[in-house]
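Structure assessment
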Amino acid sequence: MGIKQFIFGEGEGYDYGALCMPSLPWKKNRQPMRFYPLEEPLPLLLSLVMGLQHAFAMVGGLITPPYVVAKFAIDSFPFAKVDLQQYFIVAALITSGICTIINVVKVEIPFTKKIFGKRLYIGSGLLSVMGTSFTFLPIYEIAIASMKADGISGEAAFGKMLGTSMVCAILEICFSLMPGKYIRKVFPPVVCAVSVTLIGIALTGTGMKYWGGGVVCAEMGWKEHVQVRDSVGFGMPVSNVPSPICSGSAKVALPYGSTEYIALGFSVLAFLVVIELFGSTFMKNCNVILALLFGYFVAGVSNYEGLPYVDTSKIEDAPAVNFLWTQWFGIGIYGPAIIPMLIAYIVTTVETIGDVTATHEVSQLKTGDKEYTRSIQGSLMA
């Protein structure tokens, strides 16, 4: 394989002239979207663009749960532990990257053939990512708040929740060891399909909610309203955030749902529509990253009464390199959270099976054969 083929590929499927030409909605002979099978080797350029698109698309959902836990659960108003928030984001990104590599590669676990009579794997072997889950977010928030009310520090409370998560994760490992036919009986396709559909619907609502800017602050703020303060959180204020004026970005602080925030979000949606209508095949394959970059560009060149929407001061103050072992929380167990965490792991099991099934179908792979069963087993083990 030559360098040119390694970087750009060769053949009709990699005709970048045709791939990069804009399309017209009313034109009949439009360039079709190219489908790349699971085992087809992709050239470096195409792999980087597609991988970067997925990375950009997942970053927001990946860092939000740990960021919320660090800022609003472990820390509290006035949110002075910026270094802790930065560490949580770094830890989420590093862990997600390592686990995604393992999940895509699908590593065989040694000696499982002798012990269990079949080969077991870690990872699905599919193009799918591993990351944080919003399912556990409310459990962590409530449990850490309860422990802090009992006089336990936020960091120690988080360590107890980490230990609880490790213990409860054994349930999902047990599911992965079940024979494939039993997994399909316990989690039938119709249940998993409905679950994945509901996840998509929920994410649509989440996207609309985040469109308003400063959504976490706004959600905390409404619970402080005089009409609900005594009923939300068992008669105690849930948040110390005193104002509904939220910083959706940088130094700009506007009410949730302000026109300025809506307009910035609309710029991303509008550019996405333009790409779908007039973009080339190549642009449509990486439409998410292009739309996000366009929205970031609009925010970067805009300001509100002289205040920037994009502020890089925290990035500049953050350490250049960070690792998982730079913070230590201690490991413990928080008993009252065990049952909620087990339920959450059952929910993520249904989500995982549904995601793997959907990925098999869009990848034009069979569902129900041995390879599909191995993907289910490996993804649950991961």
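Residues numbered from 1 in each chain as written. Predicted model: local features only at pLDDT ≥ 70, side-chain atom pairs only at ≥ 80, totals over all residues. Heavy atoms only, no water.

**Let's talk about the overall build of the protein**
Across its full length, the protein carries 16 helices and six strands. Classification of the 382 residues of the protein by burial places 34% in the buried group. Contacts in the protein between residues far apart in sequence, at least 24 positions, make up 69% of those at least 6 positions apart. (Helix = DSSP H or I, 4+ residues; strand = E, 2+ residues; numbered from the N terminus. Buried < 20%, exposed > 50% of the residue type's maximum accessible area, 1.4 Å probe, protein only. Contact = heavy atoms within 4.5 Å.)

**Section: the pattern of salt bridges**
Under the definition given, this model contains three salt bridges. Through salt bridges with shared partners, a single ionic network connects Lys106, Glu371 and Arg374. (Salt bridge = Lys/Arg side-chain N within 4 Å of Asp/Glu carboxyl O.)

**Quick look at the side chain of threonine 100**
Along the chain, threonine 100 falls in helix α4 (residues 82–105). With relative accessibility at 15%, the residue threonine 100 sits in the buried group. For threonine 100, the contacting residues outside a window of four places in its chain are Ser128, Val129 and Met130.

**Digging into the packing of aromatic side chains**
Across all of its chains, the model carries ten aromatic pairs by this definition. Measuring from centroid to centroid gives 5.3 Å for phenylalanine 175 and phenylalanine 187, while their planes differ by 85 degrees, and the two rings are edge-to-face. With a gap of twelve residues between them, phenylalanine 175 in helix α7 (residues 154–177) and phenylalanine 187 in the loop between α8 (180–186) and α9 (189–210) connect regions that are remote in the sequence. On the basis of relative accessibility, which here comes to 13%, the residue phenylalanine 175 falls in the buried class. (Phe/Tyr/Trp six-rings, centres within 6.5 Å; stacked < 30°, edge-to-face > 60°.)

**Comments concerning the layout of surface pockets**
In this approach the atoms are scanned with a rolling probe the size of a water molecule, which exposes any empty space left behind. Taken as a whole, the second largest pocket holds about 290 Å³ of empty space. Taken together, Lys118, Arg119, Leu120, Tyr121, Ser176, Met178, Gly180, Ile183, Lys370, Thr373, Arg374 and Gln377 make up the full set of residues lining the second largest pocket. Taken together, the elements giving at least two residues each to the lining of the second largest pocket come down to α8 and α16 (370–381). Here the lining of the second largest pocket takes four residues from α16, the largest share from any one element. Taken together, the residues of the lining of the second largest pocket break down into four nonpolar, four polar and four charged. (1 Å grid on protein atoms, 1.4 Å probe; cavity = no way out; pocket = protein on both sides within 12 Å on 5 of 7 lines; lining within 4 Å. Points joined across faces, edges and corners; volume = space filled by probe spheres on them. Nonpolar A, V, L, I, M, F, W, Y, C, P; charged D, E, K, R; others polar.)

**Focus: the packing of α9 against helix α15 (residues 338–362)**
Interhelical geometry of α9 versus α15 gives an angle of 95 degrees and a closest axis separation of 8 Å. Taken as axis vectors, α9 and α15 run roughly perpendicular relative to one another. Only Val350, Glu351, Ile353, Gly354 and Asp355 of α15 make contact with α9, whose side of the interface consists of Val191, Cys192, Ser195, Val196 and Ile199. Here the contact of α9 with α15 is built from residues that sort into six nonpolar, two polar and two charged. (Axes fitted to C-alpha atoms, helices over the stretch in contact; angles between N-to-C directions. Parallel < 35°, antiparallel > 145°, perpendicular 65-115°, else oblique.)

**Topic: empty space enclosed by the protein**
Tallied over the full model, the rule gives two cavities of 30 Å³ or more. A volume near 50 Å³ is recorded for the largest cavity. Mapped by element, the contributors of at least two residues to the lining of the largest cavity are α8 and α16. Space inside the second largest cavity adds up to approximately 40 Å³. Lining the second largest cavity are Arg184, Phe187, Pro188, Pro189, Ile353, Thr357 and Tyr372. Split by residue class, the lining of the second largest cavity holds five nonpolar, one polar and one charged.

**Observations concerning unusual backbone geometry**
With a phi close to 65 degrees, lysine 106 is a non-glycine residue in the positive phi region. With respect to the secondary-structure elements, lysine 106 resides in the loop between α4 and β1 (107–108). For glutamate 305, which is not a glycine, the phi torsion comes out positive at approximately 50 degrees.

**What about the side chain of threonine 359?**
Note that threonine 359 resides in helix α15. Looking at threonine 359, its side chain comes within polar contact range of the main-chain oxygen of aspartate 355, at 2.7 Å. Look past the residues within four positions of threonine 359 in its chain and what remains in contact with it is Leu126 and Leu127. (Polar contact = N/O pair within 3.5 Å; in protein donor to acceptor, adjacent residues only side chain to side chain.)

**Some points on a nonpolar patch on the surface**
A grouping of Ile98, Ile101, Ile102, Val105, Val107, Ile122, Val321, Phe323, Leu324 and Trp325 is seen on the molecular surface, where their side chains present a nonpolar patch of about 930 Å² in accessible area. Per-element accounting of the nonpolar patch gives the leading share, four residues, to α4. By the element assignment, leucine 324 lies in the loop between α14 (313–317) and α15. (Patch = residues over 30% accessible without salt bridge, like charges linked within 9 Å, V, L, I, M, F, W, Y side chains within 5 Å. Areas by Shrake-Rupley, 256 points an atom, 1.4 Å probe, with all protein chains shown as cover.)

**Some remarks on α7**
In this model, α7 (24 residues) spans 35 Å end to end at C-alpha, consistent with the 34 Å of a helix rising 1.5 Å per residue. Among the residues of α7, those classed as buried are Gly154, Ala157, Phe158, Gly159, Met161, Gly163, Thr164, Ser165, Cys168, Glu172, Phe175 and Ser176. (Expected span 1.5 Å × (residues − 1).)

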